[in-house]
Number of protein chains: 2
Amino acid sequence: MRLAVFFLLVASVCRAGDPDVSPASLPAFTAYENALIGAVSPASLRGFHDRMASRPHRAGSAGDQAVVAFLAKSLRAWGLEVEVQEIEVYLAEPISASLSLVSPVRVALPIKEKVVDTYSAHPEGSIGWNAYSGSGVAEASVVYVNYGTKEDFARLEKLGVSVKDKIVIARYGGNFRGYKAKFAEARGAAGLIIYTDPHDNGYFRGLGWPEGGYANPSCIQRGSILTLPYRGDPLTPFVPAGADAERLDPNTLAFPKIPVQPVGWRAAQEILKRMEGASVPQAWQGALPFRYRLEGGDKLRVRLEVKQKRGLVKTSNVVGIIRGTEEPNSFVIAGAHHDAWDFGAGDPLSGTIVALEAARAFGLAAKNGHRPRRSVAFGFWAAEEFGIIGSVEWCELHARKLFEGGIAYLNLDMATMGKNLGASAAPSLRPVIQRAVKLETGRALAKFGDLGGGSDHIGFYCHLSIPSAGLSSRGARGNSYHSLYDHLGWYRRVVGDSYQPARTLTRVVQRIMLRLAHADLVPLDPASFYEPVKAQLERLEEDAKARDVAFSRATLQAVLLEYHERAAVMRDAMRAALKRGTLKDEKRMEMNRLLREMERDWHRASGLPGRPWFRNLYAASDEYSGYAAWVLPGLRGAVERKDEKELASMQKAYVEAATRLRRRIEALHAVLIR
Amino acid sequence: MRLAVFFLLVASVCRAGDPDVSPASLPAFTAYENALIGAVSPASLRGFHDRMASRPHRAGSAGDQAVVAFLAKSLRAWGLEVEVQEIEVYLAEPISASLSLVSPVRVALPIKEKVVDTYSAHPEGSIGWNAYSGSGVAEASVVYVNYGTKEDFARLEKLGVSVKDKIVIARYGGNFRGYKAKFAEARGAAGLIIYTDPHDNGYFRGLGWPEGGYANPSCIQRGSILTLPYRGDPLTPFVPAGADAERLDPNTLAFPKIPVQPVGWRAAQEILKRMEGASVPQAWQGALPFRYRLEGGDKLRVRLEVKQKRGLVKTSNVVGIIRGTEEPNSFVIAGAHHDAWDFGAGDPLSGTIVALEAARAFGLAAKNGHRPRRSVAFGFWAAEEFGIIGSVEWCELHARKLFEGGIAYLNLDMATMGKNLGASAAPSLRPVIQRAVKLETGRALAKFGDLGGGSDHIGFYCHLSIPSAGLSSRGARGNSYHSLYDHLGWYRRVVGDSYQPARTLTRVVQRIMLRLAHADLVPLDPASFYEPVKAQLERLEEDAKARDVAFSRATLQAVLLEYHERAAVMRDAMRAALKRGTLKDEKRMEMNRLLREMERDWHRASGLPGRPWFRNLYAASDEYSGYAAWVLPGLRGAVERKDEKELASMQKAYVEAATRLRRRIEALHAVLIR
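Residues numbered from 1 in each chain as written. Chains lettered and ligands numbered in written order. Predicted model: local features only at pLDDT ≥ 70, side-chain atom pairs only at ≥ 80, totals over all residues. Heavy atoms only, no water.

## Examining the overall build of chain A
Piece 1. Within chain A one finds 20 helices and 15 strands.
Piece 2. Here chain A has a C-alpha radius of gyration of 26 Å; the compact-globule value for 674 residues is 26 Å, and the two agree.
Piece 3. Expressed along its principal axes, the backbone C-alpha trace of chain A runs to roughly 85 × 60 × 55 Å.
Piece 4. Per-residue burial over chain A gives 63% buried out of 674 residues.
Piece 5. If you sum the accessible surface of chain A, you get close to 24,100 Å²; carbon and sulfur atoms cover 52% of it.
Piece 6. Charge separation in chain A, taken as the distance between the mean sites of 89 positive and 73 negative side-chain charges, equals 3 Å. (Helix = DSSP H or I, 4+ residues; strand = E, 2+ residues; numbered from the N terminus. Rg over C-alpha atoms; globule rule 2.2 N^0.38 Å. Buried < 20%, exposed > 50% of the residue type's maximum accessible area, 1.4 Å probe, protein only. Areas by Shrake-Rupley, 256 points an atom, 1.4 Å probe, with all protein chains shown as cover. Lys, Arg positive; Asp, Glu negative; His and termini not counted. Charge placed at Lys NZ, Arg CZ, Asp CG, Glu CD.)

## Section: the sheet that holds strand β6 (residues 167-171) of chain B
All names here are of chain B.
Piece 1. Ordered in space as β5-β6-β7-β9, the 4 strands form an open sheet in which the pairing is parallel. On the outer flanks of this sheet lie β5 (142-144) and β9 (260-263), each paired with one strand and no other. Neighbouring strand axes in the sheet, compared pairwise and without regard to direction, differ in orientation by 25° on average.
Piece 2. Inspection of the sheet shows strand β7 (residues 191-195) paired to β9 by 4 bridges, in the parallel sense. Note on β9: the bridge partner recorded for Leu192 is Val260.
Piece 3. This element, helix α6 (residues 177-186), spans β6, β7 and β9 of the sheet and lies at about 150° to β7. (Pairing = 2+ DSSP bridges. Axes fitted to C-alpha atoms, helices over the stretch in contact; angles between N-to-C directions. Contact = heavy atoms within 4.5 Å.)

## Examining the sheet that holds strand β5 (residues 167-171) of chain A
Residue and element names in this part refer to chain A.
Piece 1. The parallel open sheet is built from 4 strands, whose spatial order is β4-β5-β6-β7. Every other strand in the sheet has two partners, leaving β4 (142-144) and β7 (260-263) as the edge strands with one partner each. Ignoring strand direction, the axes of neighbouring strands in this sheet form an average angle of 25°.
Piece 2. Relative to strand β6 (residues 191-195), β5 is paired through 5 bridges, and the arrangement is parallel.

## Observations concerning the packing of aromatic side chains
Residue and element names in this part refer to chain A.
Piece 1. The full count for this structure, using the stated rule, is 62 aromatic pairs over all chains.
Piece 2. Measuring from centroid to centroid gives 5.5 Å for Phe176 and Tyr627, while their planes differ by 75°, and the two rings are edge-to-face. Placement of the pair is Phe176 in the loop between β5 and α6 (177-186) and Tyr627 in the loop between β14 (619-621) and β15 (629-631), with a sequence separation of 451 residues.
Piece 3. Overall, the relative accessible area of 14% leaves Phe176 in the buried class.
Piece 4. Of the aromatic side chains, those joined through ring pairs into one cluster are Tyr90, Trp129, Tyr132, Phe255, Trp341 and Phe386. (Phe/Tyr/Trp six-rings, centres within 6.5 Å; stacked < 30°, edge-to-face > 60°.)

## What to know about unusual backbone geometry
Piece 1. For the bond running from Asp347(A) to Pro348(A), omega is 10°, close enough to zero to count as cis.
Piece 2. A cis amide bond links Trp209(B) with the next residue in sequence, Pro210(B), at an omega value of 10°.
Piece 3. Positionally, Pro210(B) belongs in the loop between β7 and β8 (223-224).
Piece 4. With a phi close to 60°, Asp165(A) is a non-glycine residue in the positive phi region.
Piece 5. Locating Asp165(A) in the fold gives a position in the loop between α5 (150-158) and β5.

## Some remarks on the relation of the copies chain A and chain B
Piece 1. Placing chain A over chain B gives an RMSD of 0.1 Å and needs a rotation angle of 180°, together with 0.1 Å of translation along the axis. Both copies of the chain, as the preceding transformation shows, are related through a two-fold rotation axis.
Piece 2. Interface residue correspondence from chain A to chain B reaches 100%, placing this contact among same-surface, isologous pairings. (Least-squares fit on C-alpha atoms with pLDDT ≥ 70 in both.)

## Considering the packing of helix α16 (residues 530-546) of chain B against helix α19 (residues 633-640) of chain B
Each pair of packed helices gets described by two things: the angle between the helix axes and the distance between those axes.
All names here are of chain B.
Piece 1. Direction vectors running N to C along α16 and α19 enclose 10°, while the axes themselves pass 10 Å from each other. Between α16 and α19, the angle falls in the class roughly parallel. Across the interface between the two elements, Gln536, Leu537, Arg539, Leu540, Asp543 and Ala544 from α16 touch Leu635, Arg636 and Val639 from α19.
Piece 2. Classifying every residue of the contact of α16 with α19 by side-chain character gives 5 nonpolar, 1 polar and 3 charged. (Parallel < 35°, antiparallel > 145°, perpendicular 65-115°, else oblique. Nonpolar A, V, L, I, M, F, W, Y, C, P; charged D, E, K, R; others polar.)

## Focus: the side chain of Glu646(B)
Residue and element names in this part refer to chain B.
Piece 1. By the element assignment, Glu646 lies in helix α20 (residues 644-673).
Piece 2. The buried category is assigned to Glu646, whose relative accessible area is 14%.
Piece 3. Apart from residues lying up to four places away in sequence, Glu646 is in contact with Pro609, Gly634, Gly637, Ala638 and Arg641.

## A short note on helix α7 (residues 265-272) of chain B
Piece 1. Counting buried residues in α7(B) gives 6 out of 8 residues, a clear majority hidden from the surface.
Piece 2. Among the residues of α7(B), Trp265(B), Ala267(B), Ala268(B), Glu270(B), Ile271(B) and Leu272(B) are the ones counted as buried.

## A short note on the packing of helix α8 (residues 349-367) of chain B against helix α15 (residues 500-518) of chain B
All names here are of chain B.
Piece 1. For the pair α8 and α15, interaxial distance at closest approach is 9 Å and the crossing angle is 55°. What the angle tells us is that α8 and α15 run oblique. Crossing angle aside, the handedness with which α8 passes α15 is right-handed. Contacts between α8 and α15 involve Val354, Glu357, Ala358, Ala361 and Phe362 from the former and Ala502, Leu505, Thr506, Val509, Gln510, Met513 and Leu514 from the latter. (Left-handed = near helix turned anticlockwise from the far one by under 90°.)

## Some details on the pairing of strand β15 (residues 468-474) of chain B
All names here are of chain B.
Piece 1. Burial of β15 is extensive: 6 of the 7 residues sit out of reach of the surface.
Piece 2. Pairing analysis gives 3 bridges linking strand β13 (residues 406-411) to β15, with the strands arranged parallel. Residue Tyr409 lies in a different strand from β15, and its bridge partner there is Ser468.
Piece 3. As defined by bridge partners, strand β14 (residues 420-425) adjoins β15 across 6 bridges and the pair is classed as antiparallel. Looking at the pairing, Ala423 lines up with Leu471 of β15.

## Thoughts on the pattern of salt bridges
Piece 1. Throughout the structure, instances matching the rule amount to 94 salt bridges over all chains.
Piece 2. Here Arg171(A) ties to Asp200(A) by a salt bridge, and the two come within 3.1 Å at their closest N and O atoms. With Arg171(A) in strand β5 and Asp200(A) in the loop between β6 and β7, this pair connects stretches of sequence that are 29 residues apart.
Piece 3. Among the residues examined, Arg171(A) registers a relative accessible area of 1% and is labelled buried.
Piece 4. For Asp200(A), a relative accessible area of 27% puts it in the partly exposed group.
Piece 5. The shortest N-O distance in the salt bridge between Asp342(B) and Arg222(B) comes to 3.2 Å. With Asp342(B) in the loop between β11 (327-337) and α8 and Arg222(B) in the loop between β7 and β8, the pair connects residues that are 120 residues apart, well separated along the chain. Across the pair, exposure class does not vary: Asp342(B) and Arg222(B) are buried alike.
Piece 6. Connected through shared salt-bridge partners, Glu327(A), Arg374(A), Glu590(A), Arg593(A), Arg596(A) and Glu597(A) make up one network. (Salt bridge = Lys/Arg side-chain N within 4 Å of Asp/Glu carboxyl O.)

## Considerations on the side chain of Lys180(B)
Residue and element names in this part refer to chain B.
Piece 1. Here Lys180 shows up in helix α6.
Piece 2. Although Lys180 is buried, it forms no salt bridge, and the closest oppositely charged side chain is Asp152 at an N-O distance of 7.0 Å.
Piece 3. Separated by 2.9 Å, the side chains of Lys180 and Asn175 make a polar contact.
Piece 4. When residues no more than four places from it in sequence are discounted, the contact partners of Lys180 are Tyr147, Gly148, Phe153, Ala170, Arg171, Tyr172, Gly173, Asn175, Leu192 and Ile194. (Polar contact = N/O pair within 3.5 Å; in protein donor to acceptor, adjacent residues only side chain to side chain.)

As far as function goes, none of this settles anything; it's purely spatial.
Next comes the structure, spelled out in structure tokens:
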């Protein structure tokens, strides 16, 4: 092949993959991109992993401080502008816990993992605990509640079983564990035991650690049980948790009151196998070797004691920034938290190392003269595990700046747990993610998830209405989630030792960030909302009907259709102008501002009904399960609560949002034809 | 309501439900039907159950002889014409068996159910055994093969695991147990252990017997493992097994050679938990409390010894007949087998009592002057459990008579195991079944199954091409299938003691039989085949494509469409003539002959390729799993074997069958307009 033909081919491939880069910008863009992806090294990723995962580093611990220092030092060394945001946040700490059978036999049950490798013998390893559990003693008979979801408790009531004054046993799965505690406490339970059923993670799924990657009988999932209607530091909603912040009185907040304790199934089985009540509904049966029962009966009594301390703890977010040349106050941000329950090799560090390696590459490229038009930032968040605390405090600190300049946030929590790339994303980000994945891997993602709760995107997305995505590569045969076994020994045997999936993901992240920060036009899709909103409206209409709630999607859909017809035309017109090279910088930057702020058309300053902190009308976390995503949460909440008045008022809010989107497209059009 | 109006309403309802009864015949028909359904009594059903289920009665045993005598005596007492067909058939008998771990520990494992009630203490109760197992000893290490299906063994080979000289452990389910043995033996296995996994029947499904209805740890499923390419007595294919029959030499037949032993999971678990090989594919995991492994390793050795006797055994079919007034040589037959592995309260007697109660009612009605136009017969079949033996021998004895005069066969094996009525049926029978079910219960069946292998319909349907159906009422929360616990104590606690489902099913059966035997026009639907055949052709085309086999459904579908267009018109025309009362008896009877013989248009005297005994081109049992149904088995078999030559020749056979169906419709038309 002649060289000229080869370059023509390369250029056409690149153009096909980059509709947002003008022909004039393409050579420099390509050079920048090659510099970034060429810098990614599995050895470097591995080194970061060694450095951060070798010691337990719960938020505020000595291990955590060491990680913070390492992150700040590294980012500085690579030439990034570094912000260390010190925060003082209200965390919990385990003091002691005990669980035992009192009758028919006295047996003490284990509340910590068995030592089966050098890591699990580490003196700083924690007992099993659920942060923010009530402190106290419960001694009572027991009730099994399956996953302890809203539906499970409703079913139990229908079956005539009360949890009042009982110790409730729930298995992990189905919802955010905080809701298990909330629902149990609301129904008068005396205490809660949450265990890992082997049907969900254990021998029913695969061989247990250390022979295989799944839970062994003593494996315990730790985790916070906060269910406050906002995220971040419990005492400082809406404002940053600096040393001098005004703080709420903890006694006025709805912290859990009953003792809550997580255990492995070796402990749970001693209780469950002695239960004598009625057989469970079929979907409630787990993989322990007997039929599960709803009630334990009077002869079976269990004692649970939990002691925890709550108080202010210091920790820090670390953010590295490379300033943009064209729009220094616009930000494309990637991030992951740095705190872990113990070693955190998988959660969070398998993602944290990706963010860090991307930062290193961007730093290196900058040293070699490649700087983005818009700023890129890499956030390493504190105390995510306790309630998505650090990232939210950073969002609250920089709320105005981010609300104005935030282009996108890419979350990388626990992001390389296998080889299968996947993403949950705001619709406006999906096309650019898809282009990056295709360029890197040759294949498109089969589908996108909706972004729910449960990680550090929530401050950016749900509070500030900045388009966000969660990227991760999954599929390894194992699960050590929130256990003492989530360490480098486990990770390298179960997920792998090559760091190739982390390398691929880093390159995908770089490609996405570069496009968002450096393409001529910000590649947020102006015509992205119609299809997912339409699908959601159809579901809402069905669900409303099933609940006997009056709701018609007609009005809102009509407004959206108007928006969409203009938006689709607009997208093509922008690209055509870009391709022709007729877009003057002034126009282009004006259009970029309109694109950057587009997601804020969904923003509602007063938030969702009853959830003022959640301000994005497009998406929020599920109000009743915590992890899942609600799309159009204002309508969804009203339908779930069967509140027709609220539904009508929210419909108005949505029509306004859709109208804002339409006007934005008109504004883009006006700029383009000016 | 005025009385006249009431009767008008009743009459119109009846007419709507009985498109095959002329207005002139309706009053007598209705009186006959009311006499039948009015005679059905739960107390009578219960009494039959007591009489037949109180003692183990395996084919040929003293208990079996007592049941035969009771059946013949009862039918005679009710005024039916009784045929007792004595047969001498080649059965197996257990002598002894033992199963033990040899290393790493010596442990003897149980091969009989634990005594947990008075029934399981009965001295005539059998050990766990698989009839026709090879006799001999195997001592070897083990391999787990999941359900031991064709696909499971293929997967195992792909995983590089050989069963050669190993003792294979398979769980029940997924196929007919005989294929587990056949596949294991074909691959050189030394022996086979088949066990009940608690995931399929046991604590994963519900509480175990005697607390609940599911398998307890010692519960064993007995059963035959014959997989000969025909059904009935192994030594007399195609001909009746009378005392003077010419018999094949057993040594020339493919009986199992390796020892095969069924056990409960208490025994299996002792082996499975000691295995040390690689983890199984996810779908192979059962509900025992450890990860299942493919191989046991060298340290684990198991010894299996099975001793059985095979030889000729005498037993009898008992058939009660009420001769038809108009067509005495046409037969509507209902039946169920009478032999059981032990008590057989569920299998077969929960259906046998229904056939017997229906016979009693028909006998009573006959005494009161109600006689059907066409003959009705009630068959009580011998030795079904060993290989569907008695019913096939009866079919072979009366082959010509049945081939000419058989209208339909209704099978009632194990037919009342709960409250949810269901049916698998030849398409031509579906409308009349649906009408009967609606009349009796007010609701239609949601769907029909295809009729597969595994019970006494097979001689009628697959060998003689007489339209058949299997009716049953299911859904009780429990499963004692082929175990010592399938007794009256289990049945009455788990399925119920009211005999209301048996009453309902008896009335449904009577309604179907009466319509088939007494309606003016035989209610076999002449337009029934098109839809299911079309659907099956589409599946075959897809499956052929997936297997890279050339096949197009176009030609056959075109011929079928021709048939169907005429048939749909014909059905309406016949009904209209009937309604108008213009159908002379001579015409009517000529049309009835054409309808009665319709299913035989699918008949192929030379049978299916490689399976000459299976002569119905519409349906056969699955060649590789035994229980399931193959619709259009000639095409299906060729596609599965990827034999394009056979496929082409079978396609010709199917075009001929469809052409015969079309001509039959034309003949019906010719008679109607004559």
